[in-house]
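Tertiary structure, described
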Amino acid sequence: MSQTLANMIADNNNTHFFEGVEKLMEVWFTRKDGMTLNCDLRRIPRSQLERVMQVVKCEIISTTSTDELDAYVLSESSMFISSRRFILKTCGTTTPLCCLPLLISLVQEYAGYDTVQDLYYSRKNFKRPELQVSPHRTFEEEASILDQFFPGGKAYCMGSVNRADCWYLYTVSPGRPRYRPNAARHNLPHNRVGKTHREPDQTLEVLMMDLDPDKMKWFCKNVCPTAAEATKKSGIDRLIPDMIIDDFQFDPCGYSMNGLMRSVPGYRKGYGGYMTIHITPEPEFSYVSFETNVPQKSYKELVARVVSTFGPKQFVLTFFTSVENGASIGIEDDNCSVPQYSDYDVDDIQICRLQGYDLTYALYNRFPS
């Protein structure tokens, strides 16, 4: 994430602050007639994607690709584009929701899709919400904007609102089939928009706050002049093996990386496995996000490696898994709905069933030292 002077935010006391918390938008596209064989989001030209980034208020820094997925490191976090899924993750005072009209028009013009099948928008609560710009000043404002695009969308808040440990989610599935309980019995049509293309899918996010300063030092240019050095010395390159890594070290501090897998065993062609990490290392407002959709037998060990790499005092874990998939976050027994870690208490757990997905949310705090 960018820590350049152009992206530094000054409050009334002229002190430096950067909002590391990201706004995450994931959109799946389809066609009303189900004829998606020749459709592909990756046909949108780079010049048009740069137009989208101008609206969002960030820039493309670098890109890397596999047969399944294009990944972009941005001046504020990352973007991933596969055949029919668009992921945009941006920090600072970016405005990702503002790009929706342009994005949808470009998708229709270049990619051949005419319908949004699913949309997910999520973020943790901001450290300094008063510094955000419309429509991201409050989650209520964000949800109101999304309601204008997608009537029937649903807004959720996970966590404790009175302690400001919140994680917000807006989800809508206008292109998903709606089940009508007596349709088969009475020979009535289901409300179906094209083919649903349901497939195994999961996404793990670990959002970390108050990081260990000794572990954050690698992400300052006076300690590690290059991104490659920071990636190796921090241990990021060992979190998920065999990744194609595209990393960037900002000046004077800050770090972003995208990792891509050439193929995901057991998953259909077009899935596109990735991980992404974004680091704001300043001790006054340190923040790290980790995200991946790479399938694991159990995510407990991966989360343990991530937490050990960065040393947060507090972290939020979110885990989406498609109902068709049934992947596990990694639990020891039936009495535990989330993984347990020896140095952390689980202060909050919420589990809910969304349309086609199960969601697990958990807040962890390190034991008092």
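Everything discussed here concerns the structure shown above.
This write-up is about the structure you can find in this document. Note that this is a predicted model, so its numbers are computed, not measured.

Helices and strands together make up the secondary structure of the protein, namely 6 helices and 18 strands. By residue count, 57% of the 369 residues in the protein fall in the buried class. Sequence separation of 24 or more characterises 67% of the internal contacts of the protein that already satisfy a separation of 6 or more. As displayed, the protein offers around 15,900 Å² of accessible surface, 49% of which is attributable to carbon and sulfur atoms.

Turning next to the nonpolar core. In this structure, Met25, Phe29, Met53, Met79, Phe86, Leu88 and Leu119 are the most contacted members of the largest nonpolar core, which totals 38 residues. Sorting elements by how many residues they give to this core places helix α2 (residues 100–111) first, with 6 residues. Sequence-distant contacts of Leu119, that is, excluding residues within four places in its chain, are made with Glu26, Val27, Leu100, Leu146, Phe150, Tyr170, Thr171 and Val172. One finds Ile277, Val288, Phe310 and Phe319 within the second-largest nonpolar core, a separate group that totals 36 residues.

With that out of the way, let us pick up the sheet that holds strand β3 (residues 23–30). Taking strand neighbours across the sheet as the criterion, the 8 strands line up as β4-β5-β6-β7-β3-β8-β10-β9 in an open arrangement whose pairing is antiparallel. Strand pairing shows two members of the sheet lacking a second neighbour, β4 (60–65) and β9 (154–160), which therefore form its edges. For this sheet, the mean angle separating the axes of adjacent strands, direction not counted, is 10°. Pairing of β3 with strand β8 (residues 115–124) involves 7 bridges; the strand directions are antiparallel. Bridging across to β8, Glu26 finds its partner in Tyr120. Contacts between helix α1 (residues 46–56) and the sheet are confined to β4, β5 (69–74), β6 (77–82) and β7 (85–90), with β4 contributing the most and set at about 135° to the helix.

The buried count for strand β15 (residues 287–292) comes to 6 of 6 residues, which makes it a mostly enclosed element. Covered by surrounding structure in β15 are Tyr287, Ser289 and Glu291 together with Val288, Phe290 and Thr292, the residues of both alternating faces. The pairing of strand β11 (residues 202–209) with β15 spans 6 bridges and is classified as antiparallel. Note on β15: the bridge partner recorded for Leu207 is Ser289. Hairpin connection, strand β14 (residues 274–280) to β15: the antiparallel pair is bridged by 6 residues.

Moving on to helix α3 (residues 139–149). Burial in α3 covers these residues: Phe139, Glu142, Ala143 and Leu146. The arc that holds every buried residue of α3, seen down its axis, measures 95°, which confines them to one face. In α3, the exposed residues that point more than 90 degrees away from the buried face are Glu140 and Gln148. Check the buried side of α3 and you find it contacts α2, β8, β9 and β10 (165–172).

Now for the state of the cysteines. Each disulfide consists of one covalent bond between the sulfur atoms belonging to two cysteines. Inspection of the entire model under this criterion finds 0 disulfides. Not part of a disulfide, Cys91 finds its nearest cysteine sulfur in Cys58, a span of 8.6 Å. Overall, the relative accessible area of 0% leaves Cys91 in the buried class. Here Cys98 is not disulfide-linked; the sulfur of Cys99 is the nearest cysteine sulfur, at 8.1 Å.

Cut-offs used in this document
- Residues numbered from 1 in each chain as written.
- Predicted model: local features only at pLDDT ≥ 70, side-chain atom pairs only at ≥ 80, totals over all residues.
- Heavy atoms only, no water.
- Helix = DSSP H or I, 4+ residues; strand = E, 2+ residues; numbered from the N terminus.
- Buried < 20%, exposed > 50% of the residue type's maximum accessible area, 1.4 Å probe, protein only.
- Contact = heavy atoms within 4.5 Å.
- Areas by Shrake-Rupley, 256 points an atom, 1.4 Å probe, with all protein chains shown as cover.
- Core = buried A, V, L, I, M, F, W, Y, C linked by side-chain atoms within 4.5 Å.
- Pairing = 2+ DSSP bridges.
- Axes fitted to C-alpha atoms, helices over the stretch in contact; angles between N-to-C directions.
- Arc of directions from axis to C-beta.
- Disulfide = S-S within 2.5 Å.

Worth remembering: the numbers are spatial, not functional.
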